[in-house]
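# Secondary and tertiary structure notes
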Amino acid sequence: MTEQDQGAETAEAVELRPALEAVLMVADQPLDALTLATAVGHPPAVVDEALAALAAEYDAQGRGFELRNVAGGWRYYTREEYAGVVEGFVLEGQQARLTQAALETLAVVAYQQPVSRARVSAVRGVNVDGVMRTLLNRGLVEEAGQDGEHGATLYRTTSYFLERIGIVSLDELPDLAPHLPDLEEMESEMSSAAQLAPATDPGEARTDEA
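Residues numbered from 1 in each chain as written. Predicted model: local features only at pLDDT ≥ 70, side-chain atom pairs only at ≥ 80, totals over all residues. Heavy atoms only, no water.

## Structural notes on the pattern of salt bridges
Selection criterion: By definition, a salt bridge exists where a carboxyl oxygen of Asp or Glu is found within 4 Å of a side-chain nitrogen of Lys or Arg. Note on conventions: DSSP H or I runs of at least 4 residues are helices, E runs of at least 2 residues are strands, and numbering of each starts at the N terminus. Only protein chains enter the area calculation, which uses a 1.4 Å probe; residues under 20% of their type maximum are buried, those over 50% are exposed, and those in between are partly exposed.
Enumeration over the complete set of coordinates arrives at 7 salt bridges. Linking arginine 79 and aspartate 59 is a salt bridge whose minimum nitrogen-to-oxygen distance equals 2.8 Å. One end of the pair, arginine 79, is in the loop between strand E2 (73-78) and helix H4 (83-95); the other, aspartate 59, is in helix H3 (residues 44-61), and 20 residues separate them in sequence. Classification of aspartate 59 as partly exposed rests on a relative accessible area of 47%.

## Thoughts on the side chain of arginine 124
Which entries qualify depends on this criterion: Polar contacts, as counted here, are pairs of nitrogen or oxygen atoms within 3.5 Å of one another; within protein the pair requires one atom able to donate a hydrogen and one able to accept it, and residues that are adjacent in sequence qualify only if both atoms are side-chain atoms.
Mapped onto the secondary structure, arginine 124 falls in helix H6 (residues 117-124). On the accessibility criterion, arginine 124 (18% relative accessible area) is buried. Separated by 3.2 Å, the side chains of arginine 124 and threonine 105 make a polar contact.

## Remarks on the side chain of arginine 79
Keep this limit in mind: Residue contacts are defined here by distance: any two heavy atoms, one from each residue, within 4.5 Å place the two residues in contact.
You can call arginine 79 buried: its relative accessible area is 9%. When neighbours within four sequence positions are excluded, arginine 79 is seen to be in contact with Tyr58, Asp59, Gly62, Arg63, Gly64, Phe65 and Glu66.

## Digging into the confidence of the model for the protein chain
As a reminder of what qualifies: Per residue, pLDDT measures the predictor's confidence, with a range of 0 to 100.
The pLDDT averaged across the protein chain works out to 79; a share of 73% of its residues lies at or above 70. This model gives residues 197-204 a pLDDT under 50, and the stretch forms 0 contacts once residues within four places in sequence are excluded.

## Some details on the nonpolar core
Put simply, the rule reads: Buried residues of nine kinds, namely Ala, Val, Leu, Ile, Met, Phe, Trp, Tyr and Cys, make up a nonpolar core once their side-chain atoms join them within 4.5 Å.
Counting residues in each nonpolar core, the largest one holds 20 residues, and the members touching the most others are Leu106, Val109, Val120, Met132, Leu135 and Phe161. When contributions to this core are tallied by element, the ones reaching two or more residues are helix H5 (100-112), helix H7 (129-137) and helix H8 (159-165). If we ignore the near neighbours within four places in the chain, the residues touching valine 120 are Thr105, Val108, Val109, Val115 and Val128. Listed in part, the 17 residues of the second largest apolar core include Leu20, Leu51, Leu54 and Trp74.

## Quick look at the environment of valine 40
Along the polypeptide, valine 40 turns up in helix H2 (residues 33-40). On a C-alpha basis, the gap between valine 40 and valine 23 in space is 8.3 Å, while along the polypeptide they are 17 residues apart. Aside from chain neighbours lying at most four places away, what touches valine 40 is Leu16, Ala19, Leu20, Val23 and Val47.

## Concerning the packing of H5 against H7
The condition that has to hold: Inter-axis angles, ranging from 0 to 180 degrees, are taken between N-to-C directions of lines fitted to C-alpha atoms, where helices are fitted over the stretch in contact. Note on terminology: angles under 35 degrees are roughly parallel, angles over 145 are roughly antiparallel, angles of 65 to 115 are roughly perpendicular, and the others are oblique. When residue character is reported, Ala, Val, Leu, Ile, Met, Phe, Trp, Tyr, Cys and Pro are called nonpolar, Asp, Glu, Lys and Arg charged, and the others, Gly included, polar.
Between H5 and H7, the least distance of the axes is 10 Å, while the angle of their chain directions is 80 degrees. Our classification of the angle between H5 and H7 gives roughly perpendicular. Across the interface between the two elements, Ala101, Ala102, Thr105, Leu106 and Val109 of H5 pack against Val131, Met132 and Leu135 of H7. In the contact of H5 with H7, the residues fall into 7 nonpolar, 1 polar and no charged.

## Thoughts on H6
Note the cut-off: The arc in question is the one traced by the directions running from the helix axis out to the C-beta atoms.
Turning to H6, its buried residues number three or more, namely Arg117, Val120, Ser121 and Arg124. Taken down its axis, H6 places every buried residue within 100 degrees of arc, on the same side. Looking at the packing, one finds that the buried side of H6 touches H5, strand E3 (115-116), H7 and strand E5 (153-157). Directly after H6, the chain includes glycine 125, whose backbone phi takes a positive value near 80 degrees.

## Comments concerning the pairing of strand E1 (residues 65-70)
Put simply, the rule is: Any two strands between which DSSP finds at least two bridges are classified as paired.
The sheet contact formed by E1 and E2 spans 6 bridges and is antiparallel. What sits directly across from arginine 68, in E2, is arginine 75. Linking two consecutive strands that pair antiparallel, namely E1 and E2, is a turn of 2 residues; a positive phi of about 55 degrees is found at alanine 71 within it.

Quick look at the structure:
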């Protein structure tokens with residue numbers, strides 16, 4: 001190999017390896033060499049060599065992650081020796097307490113489901129977009145189709161929600177009637193108010209912190 005060829009190979013590696021890292025960083029499943037080659041615009045054989053070189057480089061540097069070729073596909077994995085650290089971080093995140101706003105919003109969804117964000121906001125009297133995102137990310141609520149009349153996305157609680165509060169079905173939720181004796185009257189008043197109230201500027205709406 002000539003000195004010029006070696007220089008070209010080095011330049012190609014400098015360009016190729018970061019591109020592979022960028023694609024692999026967002027992959028949610030192992031990617032084979034052909035898929036990666038198509039993504040970065042290099043021949044599969046060259047991509048294979050670059051992947052092997054990256055894996056060896058991470059091993060030599062003692063990184064907290066590694067690049068593995070599993071079942072014909074490449075993907076990043078945390079190193080086994082750091083499994084305890086990762087497990088502690090994940091469990092701590094799962095056990096983090098929900099805010100009062102999130103708990104109240106979750107209760108509205110549980111008792112009113114399937115329900116739109118606008119309906120939840122009306123019941124709580126605040127904008128719940130941020131809190132709903134938190135509940136979605138936690139896996140406690142999920143989308144449940146659309147409102148046939150207005151086309152709004154509807155939400156419901158998940159099986160994970162049932163698991164977390166220790167019940168088998170929503171039928172086991174406690175009855176709200178003893179705590180809200182005038183629920184039907186309140187619902188009627190809220191519906192009338194919603195029809196009569198002028199449109200609110202989203203920028204002026206009070207918003208809960210997630």
